[in-house]
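The residues making up each chain are set out below.
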Amino acid sequence: MVEISEKVRVRFAPSPTGELHIGGARTALFNWLFAKRHGGTFVLRVEDTDQARSTEKSVKGILDSMKWLGLDWDEGPEIEGEFGPYFQSERKGLYLKEVNRLLEEGKAYRCYCTKEELDAQREKAREEHRAFLYNGHCRKLTVEQETAFQKEGRSYVIRIKTADDGKTVVHDLIRGDVEFDNSVIDDFIILKSDGMPTYNFACVIDDASMKINYILRAEEHLSNTPKQIAVYKALGYELPNFAHVPMILAPDRSKLSKRHGATSVEEFKDQGYLPEGIINYIALLGWSPGDDREIMSIEEIISEFKLERIGKNASIYDVNKMTWINGHYLREMPYQRLAEIAKSWFVKKGYLVEELSPERQVWYEQMIKALQDRAKTLVELVDAAEYFFVDVTDYEEKGVKKHFNESAIGLLNKCIAELEKLPEFTVEATEKAYRAIAEDLGVSAGKIIHPTRLSITGRTMGPGLFDIMALLGKDTVLKRMKEAIKWIEDNQ
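About the thresholds
Residues numbered from 1 in each chain as written. Predicted model: local features only at pLDDT ≥ 70, side-chain atom pairs only at ≥ 80, totals over all residues. Heavy atoms only, no water. Buried < 20%, exposed > 50% of the residue type's maximum accessible area, 1.4 Å probe, protein only. Helix = DSSP H or I, 4+ residues; strand = E, 2+ residues; numbered from the N terminus. Pairing = 2+ DSSP bridges. 1 Å grid on protein atoms, 1.4 Å probe; cavity = no way out; pocket = protein on both sides within 12 Å on 5 of 7 lines; lining within 4 Å. Points joined across faces, edges and corners; volume = space filled by probe spheres on them. Nonpolar A, V, L, I, M, F, W, Y, C, P; charged D, E, K, R; others polar. Core = buried A, V, L, I, M, F, W, Y, C linked by side-chain atoms within 4.5 Å. Contact = heavy atoms within 4.5 Å.

J.: Help me out: how do you make sense of the pairing of strand β4 (residues 157-160) in this one?
T.: Residues in a regular strand point their side chains to alternate faces of the sheet. By the alternation rule, side chains of β4 split into Val-157 and Arg-159 and Ile-158 and Ile-160, which are all buried. Pairing geometry for strand β3 (residues 108-111) and β4, over 4 bridges, is antiparallel. Paired with Ala-108 across the two strands is Ile-160, which belongs to β4.

So this is what it looks like as structure tokens:
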């Protein structure tokens, strides 16, 4: 069992080079849950040192996605704390200060090797069938040699001195002790020629200066950890606790990518998923509550979240399962709230206007109530509602074959005649009329319900017929039934 003996401070540190990926969202969630579970602090830090690829649009997109998911942060952009700034691009002075300290202490050095010289080293390593490691050529340059390189106008990077032998052990809270041979870790770059720090250097300084004591991140970062430990030790920082969570793989066990469909939070939002559904699903990617539960509220997940319940094996991304979970939340939500959430989707489609009259609002909410069990996403919900707003011009082929035969004309005419007599067009009145028609004709209710449904919706499936009829209203129902009869006659 993992003992938590200090106040938890965790961070999520995305690079703003695109949208918030589902894997990044899972990492953010695990950190957020860990902080909530232990009354700790969740820090959001933006690692925007890749200035060629980082964009303000991506920053905004990531922050918006985090807010939409409900992953609020305690410190970070828009919520300044005592350890800011929270954008790496604004922390350059701190990195340079620590670089200079390492140079003064003889723990780092300037490397003047050109691209051509490094390419030659890589080619030699390839020919000798070994991994490329920088050979330390500039590690012991004299002052005269450095001066000569500078006169040539050579640019330089800063490299940290690493151990030539021995092992670095990563004490991982999920995987146990993981050993790395120091002989395969070269003197890596900590400051690039443009004056910007590398990832393995900047994140260590940021984590240490922000008092981050638990680092929960994706398994792919495990291989970076020995280099980061080297930086921690060189700078005299206390090591944090590391925990590397399993990767998320595509169904074919390859790396998850665009070719596997939607992979970002923004895409799922645009496809009509609910934040509750996404959170519930990604919480179960690599973590388990210890039993077979698949539907869990955020409060339940927080109370059950423990590091020892995070697995070591890769998780398989299953969008069908996420859709199923999302459908549960959509069905169980109070229909008035669902109507509120879904309204913008109907407005965007042109089905509704922003401001509804009280009567129209009641009608809209009743329509949502009728359709709620028929959709797993908001996109499906809007699609299921189409016939409430658009005239029926097509009929499902399988329904036509089964229900639009010659006898259907007589049945529909009989129904029309009875419906026209109704003083009130309610669920109860229409159902009572149909039961009476079926009894009078000596047929099952389904014999008249199915062709009627197809006539007024164009579909064979949907909510209860009498709910649909009451919502559409008498004039629309009769008009569509008469049009269906004409269609049957024309297509006999």
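That was the structure; now back to the text.
J.: So what exactly am I meant to see when it comes to the layout of surface pockets here?
T.: With a probe scaled to a water molecule rolled over the atoms, the places where space remains empty come into view. In this structure, the largest pocket encloses a volume near 1100 Å³. Contributions of two or more residues to the lining of the largest pocket are made by β1 (9-12), α1 (22-37) and β8 (214-218). By residue number, the principal contributor to the lining of the largest pocket is α1, which donates 4 residues. Grouping the constituent residues of the lining of the largest pocket by class yields 12 nonpolar, 14 polar and 11 charged.

J.: What is the right way to read the nonpolar core from this model?
T.: Across soluble globular proteins, nonpolar side chains have a tendency to be buried as a group. Counting residues in each nonpolar core, the largest one holds 113 residues, and the members touching the most others are Met-66, Phe-346, Tyr-364, Met-367, Phe-388 and Tyr-434. A total of 9 residues in this core trace back to one element, the largest contributor, which is α1. Those residues in contact with Tyr-434 that lie beyond four places of it in its chain are Cys-415, Leu-419, Ile-448, Ile-449, Thr-452, Leu-465, Phe-466, Met-469 and Met-481. Of all hydrophobic cores here, the second largest spans 32 residues; its members include Ile-185, Phe-201, Ile-215 and Leu-222.

J.: What exactly am I supposed to notice about the environment of Gly-76 here?
T.: For Gly-76, the location among the structural elements is in the loop between α2 (56-69) and α3 (92-104). Each C-alpha atom, one on Gly-76 and one on Val-46, is 8.3 Å from the other, the two residues being 30 residues apart in sequence. Ignoring any residue separated from it by four or fewer positions in sequence, one finds Gly-76 in contact with Leu-44 and Tyr-86.

Taken by themselves, the reported measurements are silent on function.
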